[in-house]
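# Structural overview for review
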Amino acid sequence: HQAKPGHEATIEPAPLYDAPYYVGSKKLEGKVALITGGDSGIGRAVAVLFAREGADIAVVYLAEDRDAEETKSAVEKEGRRCILLKADVSERQDCHDAVATTVETFGRIDVLVNNAAFQIHSSDFGNLTEEHFDTTLKTNLYGYFHMAQEAVPHMKPGSAIVNTGSVTGIEGSKQLVDYSMTKGGIHAFTRALSGNLIAKGIRVNAVAPGPVWTPLNPSDKEADDVSKFGADTPMKRPAQPEELAPAYVFLASPHCSSYITGEILPIVGGY
Ligand code: NAD
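The shown structure was predicted, so the numbers you read here are calculated from the model rather than taken from an experiment.

## Comments concerning the UniProt feature "domain: Ketoreductase" (unreviewed entry) in the protein chain
Following the UniProt record, the feature "domain: Ketoreductase" (unreviewed entry) maps to residues 31–212 here. A helix fraction of 46% and a strand fraction of 18% characterise residues 31–212, whose end C-alpha atoms lie 27 Å from each other.

This is how it looks when you write it as structure tokens:
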């Protein structure tokens, strides 16, 4: 932090929350991460890699259909603790309770991963019902907002929020009009909130995936679509969830990204 002559008054040393990156470290040692949708797809891969990097995990899950227990045992295999919290992120009280239980159990929250989302493919915009639209907005926008507002008071300087956005929030998808709208909103939310939380030392970034092979995509239902999913990327395939997870570690860990906030990181196979 040596200032150049003449600049002494304008340069304040940056607060260093943790040691900078060093090879061989566990990037999330001793941290606690709360992950919505951590029972499935990208969220599960993130939970397991976070555990491998030293974090205890609180998983928010909506229903039994995705087998949250599988995430829990995978986290425990990495030698970390895991709690499963049944909650609907579109309900404020559920978000409050999930955060409260995480803090009661682990004493802290260092990382919030806002990741749970709702989508239904619809090729006909005119047929989108208001009920469907409400669920999309309530899950993808209200859910992220509620979770962040509940978690932030418990987050200390050096903490981080990582939101799952989407390439649809940048490009738009004609079959996912309402979903694309919310994902664009999540990107704007990420940028706006990052500025708002800088003074608290909390960083806010987003990952914007392209096609990822998870239960969310419709291809498992329509055999025809399976071969097409991800075919429009230069890599001509969808990502596996495990190919997304390292980006979440990078954005969550002060060892890796202490000077990065308000960014949207597309992971799109070169698209
Ligand atoms: P997924 O279906 O495996 O995971 C989504 C999770 O969200 C599920 O666990 C589901 O139960 C949960 N969820 C839905 N509504 C909820 C609610 N109201 N309350 C609590 N949990 C709820 O799919 P995924 O692909 O792993 O999705 C994770 C994130 O990645 C989502 O934000 C999604 O929009 C985003 N994404 C996915 C893709 C893709 O191609 N799969 C592409 C871009 C972005």
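## Some thoughts on the sheet that holds strand β1 (residues 32–36)
Strand order in the open sheet made by the 7 strands is β3-β2-β1-β4-β5-β6-β7, with parallel pairing throughout. Only two strands of the sheet have a single partner each, and these edge strands are β3 (82–86) and β7 (264–267). Shown here is a sheet whose adjacent strand axes are inclined to one another by a mean of 15°, direction ignored. Running at roughly 170° to strand β4 (residues 111–114), helix α4 (residues 130–151) makes contact with β1, β4 and β5 (160–164) of the sheet. Along the sheet, helix α8 (residues 245–252) contacts β1, β4, β5, β6 (203–209) and β7; its crossing angle with β5, the most-contacted strand, is approximately 150°.

## Some details on the confidence of the model for the protein chain
Residues at a pLDDT of 70 or more form 88% of the protein chain, whose mean pLDDT is 91. Quick note on the complex model: pTM equals 0.93, ipTM equals 0.99.

## Description of helix α6 (residues 177–197)
Here α6 is 21 residues long and its end C-alpha atoms lie 30 Å apart, about the 30 Å a rise of 1.5 Å per residue gives. Among all positions of α6, only D178, Y179, S180, T182, K183, I186, F189, T190, L193 and L197 are buried. If you follow the buried residues of α6, they end up packed against α4, β5, α5 (168–171), β6 and β7.

## Topic: the site of the ligand
Taken together, 30 residues lie around the ligand, and G37, S40, G41, A117 and L216 are the ones closest in. Residue assignment for the shell around the ligand shows that the elements contributing at least two residues are α1 (41–52), β2 (56–61) and α4. Of the residues that constitute the shell around the ligand, the class distribution is 14 nonpolar, 13 polar and 3 charged.

Here is what the cut-offs are and how they apply
Residues numbered from 1 in each chain as written. Predicted model: local features only at pLDDT ≥ 70, side-chain atom pairs only at ≥ 80, totals over all residues. UniProt positions renumbered as here; feature names shortened; annotations may be inferred. Helix = DSSP H or I, 4+ residues; strand = E, 2+ residues; numbered from the N terminus. Pairing = 2+ DSSP bridges. Axes fitted to C-alpha atoms, helices over the stretch in contact; angles between N-to-C directions. Contact = placed C-beta atoms within 7 Å. pLDDT = per-residue confidence, 0-100. Expected span 1.5 Å × (residues − 1). Buried ≥ 20, exposed ≤ 12 C-beta atoms within 10 Å, placed from the backbone. Near = placed C-beta within 6 Å. Nonpolar A, V, L, I, M, F, W, Y, C, P; charged D, E, K, R; others polar.

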